[in-house]
Amino acid sequence: MSFMGETSTVPGTDRPRLLQAMVDAFRQADVRQKLLFTIGMLIIFRFVAHVPVPNVDRNALEAAFDGNAVLDFLSIFSGGALQNLSVAALGVYPYITASIIMQIVTPISSRLRALQEEGEQGRRRIQMYTHWLAVPLAFVQGYGQIVFINNQSGEVVRNFGFQNDFFGTIATLFTLCAGTMFLVWLGELITEHGIGNGISLIIFGGIVAVLPGLIPNISTSSIIAVAGIVVFAVVLIFFIVFFQEAQRRVPVQYARSSFRGGRMYRQQGQSFIPLRVNMAGMIPLIFAFSIVILPAVVAGYFSGAGGWVETVADFLVNQFQGGRGGGGTGVYWLVLFVLVVGFAFFYTIVQYNQQNIAKNLQRQGAFIPGIRPGPPTEAYLLRVVTRITWGGALFLGAVAVAPFFIGLTTDVQALTISSAGFLIVVAVVLDTMKQLEAQLLMRNYEGFIR
C-alpha cells in the first residue's frame, strides 16, 4: 500500500498518481458534487466562526488567552472560534462529550443496549438521544467557559451573569448552544451528502484554519529550530499513520453450505478479524487533556485565599499550567502520559465489549482455529486486544508528550500545535482519503491509496 506522499507517475501520463487521482475525482460528476458540497459546508463553518457574541471586550479576550492551557485546548475543537468568542465558540465539543457519554452508558443500560441491537432504527434513536444530551451540555459548558474567561482577564463578556443581566445571559447561552447545534447539523450534512465524516471534518477545518496564525512565530526562530520542528512533524506523521493503520488479524474459519445435485455440501472457508492496535482513536487524548488541566483550573480560584491553601494552589498552578507548545513542568507531562495510557485501555475495553465479537462468531457458525466457541473465544480475543492495546496506548502517550520534547529540543514553545490536534488532522485525512478511494474504485479508477 502506498500513501499520499507517493511520487510515481501513471502509465501513459506525466502526472503523479495523487494529481491524477484528483483529476479523476473531479471528472466524475457525482464525486465532484460531493467534494464541492463538503468544501462549501466548511466555508460556511469558517464564516460562522467569525460571527461574534455581543458585548465582548476584545482586548480583555486577548489577555485571557495569553498562555492559558485550558483555553488553548478548548480552542482546538472550535477552530479558533473561541479566541474570537463567536457564536461557534463551543465548536462541536458538547456533541463529542454527549457521544462519549452515550458510548459509555449504552453497555450499562439494558434499554439502550436493546436499541443498539435493533439495527439502523435503534442507532437512529440513540443518535437522537445524543442530540438531546448535547443541548444541556452546551448550556453548561457555555456558561462555564464565559465565567472562566471573565475570571482570567476582567470582564471579557460585559454584564454576564444571571444576577447582572438575566435575559442577556440567557440570550448569550442560547446563541452559543444554537451555534454548536448548527455545526453538528453541518457535519451531518457532510456525512450524508459529502465525503468523509462531517463532525471530524469540522474539527479538522478548525485546526487547519489556525495554522497560518503560527507563521509569525517562525520569523523569530532560527533556521535550525525550524528544521527541527519539520523533522519532528514528519516523524510524528509517519508514526501516526503507521499506528492508525496497524492491525492484528485473527484467523477465523467458517462453514459454507451449498446444494449440488440435491445434496448439501459443507465447505470450510477462512477469513480474518481485524483488531486495530489503536482502537480507541483520539478519545483518550481528549479525556486526559480534560482531566490534567483541572488541577490548575480549580487551584486558580484559591490563588488568593492566603495561608497554606494559597501555597498549595500556587504549586498546582505552576505544575499543571501546561502551555500550547511544550509548556508546563515535567510533572504535568508525566501525569498526562499516564492518563492517556490508562484511558486508552479503558476506552478500548468499552468499545470491545460493545462489539460482542465472540457471540457474533458463534451465531454465524464461525470459530477461531484451536479455540473453542463461546467463553474461551471471548477470553482469547480479550487477551489479544489487551496485548495489542499496549502498543496503541504507548503510542498515544508518546503523541501526547511530543510537544514537550519538541520544546526542549528546538526551544520553540509557541510554534507547535497540540498533539491531539495533530492526531486529529492525520486521522481525518486518512479516513477521508479512504472514503474518496472507495468512491473512485467503484468507478474503476485508481485513487489516492493503492
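Values in this document were obtained by computation on a predicted structure and should not be read as measured data.

Calculation criteria
- Residues numbered from 1 in each chain as written.
- Predicted model: local features only at pLDDT ≥ 70, side-chain atom pairs only at ≥ 80, totals over all residues.
- Heavy atoms only, no water.
- Phe/Tyr/Trp six-rings, centres within 6.5 Å; stacked < 30°, edge-to-face > 60°.
- Helix = DSSP H or I, 4+ residues; strand = E, 2+ residues; numbered from the N terminus.
- Lys NZ or Arg CZ within 6 Å of the ring centre and 35° of its normal.
- pLDDT = per-residue confidence, 0-100.
- Contact = heavy atoms within 4.5 Å.
- Patch = residues over 30% accessible without salt bridge, like charges linked within 9 Å, V, L, I, M, F, W, Y side chains within 5 Å.
- Areas by Shrake-Rupley, 256 points an atom, 1.4 Å probe, with all protein chains shown as cover.
- Salt bridge = Lys/Arg side-chain N within 4 Å of Asp/Glu carboxyl O.
- Buried < 20%, exposed > 50% of the residue type's maximum accessible area, 1.4 Å probe, protein only.
- Core = buried A, V, L, I, M, F, W, Y, C linked by side-chain atoms within 4.5 Å.
- 1 Å grid on protein atoms, 1.4 Å probe; cavity = no way out; pocket = protein on both sides within 12 Å on 5 of 7 lines; lining within 4 Å.
- Points joined across faces, edges and corners; volume = space filled by probe spheres on them.
- Axes fitted to C-alpha atoms, helices over the stretch in contact; angles between N-to-C directions.
- Parallel < 35°, antiparallel > 145°, perpendicular 65-115°, else oblique.
- Left-handed = near helix turned anticlockwise from the far one by under 90°.
- Nonpolar A, V, L, I, M, F, W, Y, C, P; charged D, E, K, R; others polar.

Novice: Talk me through the packing of aromatic side chains; I want residue IDs and the actual numbers.
Specialist: Here the structure, examined in full by the defined rule, presents ten aromatic pairs. Centroid distance Phe238 to Phe242: 6.4 Å. Interplanar angle 20 degrees. Geometry classified as stacked. Here the residue Phe238 and the residue Phe242 both occupy positions in helix 12 (residues 223-245), the gap between them amounting to four residues, near one helical turn. Every member of this aromatic cluster is reached through a ring pair, and the members are Phe238, Phe239, Phe242, Phe243 and Phe395. The residue whose ring lies beneath Arg249 is Phe272, and the NZ or CZ to ring-centre distance is 5.9 Å.

Novice: Could you give an account of the confidence of the model for the protein chain, naming the residues involved and the relevant values?
Specialist: Residues shown with low pLDDT carry predicted positions that ought not to be read at fine detail. When pLDDT is averaged across the protein chain, the result is 76; 76% of the residues are at 70 or more. Of all the helices and strands in the protein chain, helix 11 (residues 215-218) carries the lowest mean pLDDT, 59, while helix 9 (residues 166-193) carries the highest, 89. For the stretch residues 1-15, pLDDT sits under 50, and the model shows 29 contacts to residues farther than four places along the chain or on other chains. Of the regions scoring below 50 in pLDDT, residues 322-327 engages in 22 contacts with residues more than four places distant in sequence or in other chains.

Novice: Please set out unusual backbone geometry residue by residue, giving values where relevant.
Specialist: The backbone of Asn55 sits at a positive phi, close to 65 degrees, despite the residue not being glycine. In this fold, Asn55 is placed in the loop between helix 2 (29-48) and helix 3 (58-64).

Novice: Summarise a nonpolar patch on the surface; cite the residues concerned and give the values.
Specialist: Taken together, the side chains of Phe26, Leu36, Ile39, Ile43 and Phe47 define a hydrophobic patch exposed on the protein surface, amounting to about 510 Å² of accessible area. With four residues, helix 2 is the single largest residue contributor to the nonpolar patch. Note that Leu36 resides in helix 2. By relative accessible area, Leu36 is classed as partly exposed at 47%.

Novice: Can you tell me about the nonpolar core, naming the residues and giving the values?
Specialist: Core analysis: the largest hydrophobic core is formed by 65 residues, its most contacted members being Val92, Ile240, Leu285 and Leu336. Ranked by residue count, the leading element in this core is helix 16 (residues 330-355), at nine residues. If sequence neighbours within four positions are ignored, Leu336 has contacts with Ala288, Phe289, Val292 and Ala400. Counting residues in hydrophobic clusters, the runner-up holds 21 residues, among them Leu61, Phe65, Ala138 and Leu176.

Novice: How would you summarise the layout of surface pockets if you had to cite specific residues and measurements?
Specialist: Computed from the structure, the largest pocket encloses a volume of approximately 1,800 Å³. Lining the largest pocket are 47 residues, and of these Gln103, Asn197, Ser200, Tyr347 and Gln351 lie nearest its centre. Listed by contribution, the elements that provide at least two residues to the lining of the largest pocket are helix 6 (93-105), helix 8 (120-152), helix 9, helix 10 (198-210), helix 12, strand 2 (263-276), helix 16 and helix 19 (419-441). Top element by residues in the lining of the largest pocket is helix 8. It accounts for eight residues.

Novice: Any chance you could break down the side chain of Thr180 for me, citing the residues and the numbers?
Specialist: Considering the arrangement of structural elements, one finds Thr180 in helix 9. Those residues in contact with Thr180 that sit more than four places away from it in its chain are Val87, Leu90, Gly91 and Pro94.

Novice: Go over the packing of helix 2 against helix 10, please, and point to the residues and values.
Specialist: Here helix 2 crosses helix 10 at 60 degrees, and the two axes come no closer than 10 Å. Here helix 10 runs oblique to helix 2, going by the angle between their axes. Handedness of the crossing formed by helix 2 with helix 10: right-handed. Taking contact as the criterion, the partners of Thr38, Leu42, Phe45 and Arg46 in helix 2 are, on helix 10, Leu201, Ile202, Gly205, Gly206 and Ala209. Its residues placed into classes, the contact of helix 2 with helix 10 shows five nonpolar, three polar and one charged.

Novice: So, the packing of helix 8 against helix 9: which residues are in play, and what are the values?
Specialist: Relative to each other, helix 8 and helix 9 sit at 140 degrees, their axes nearing to 9 Å. As judged from the angle between their axes, helix 8 and helix 9 are oblique. The handedness of the crossing between helix 8 and helix 9 is right-handed. Residues Gln127, His131, Ala134, Val135, Ala138, Phe139, Gly142, Tyr143 and Ile146 of helix 8 lie in contact with helix 9, whose contacting residues are Thr172, Leu173, Phe174, Leu176, Cys177, Met181, Val184 and Glu188. For the contact of helix 8 with helix 9, a count of residues per class yields twelve nonpolar, four polar and one charged.

Novice: If you had to explain the environment of Pro373 to someone new, which residues and values would you point to?
Specialist: Position of Pro373 relative to the elements: it lies in the loop between strand 3 (366-367) and helix 18 (375-410). For Pro373, a relative accessible area of 44% corresponds to the partly exposed category. For Pro373 and Lys359, which are 14 residues apart along the polypeptide, the C-alpha to C-alpha distance reads 8.5 Å. Excluding its chain neighbours within four sequence positions, the residues that come into contact with Pro373 are Gln362 and Phe367.

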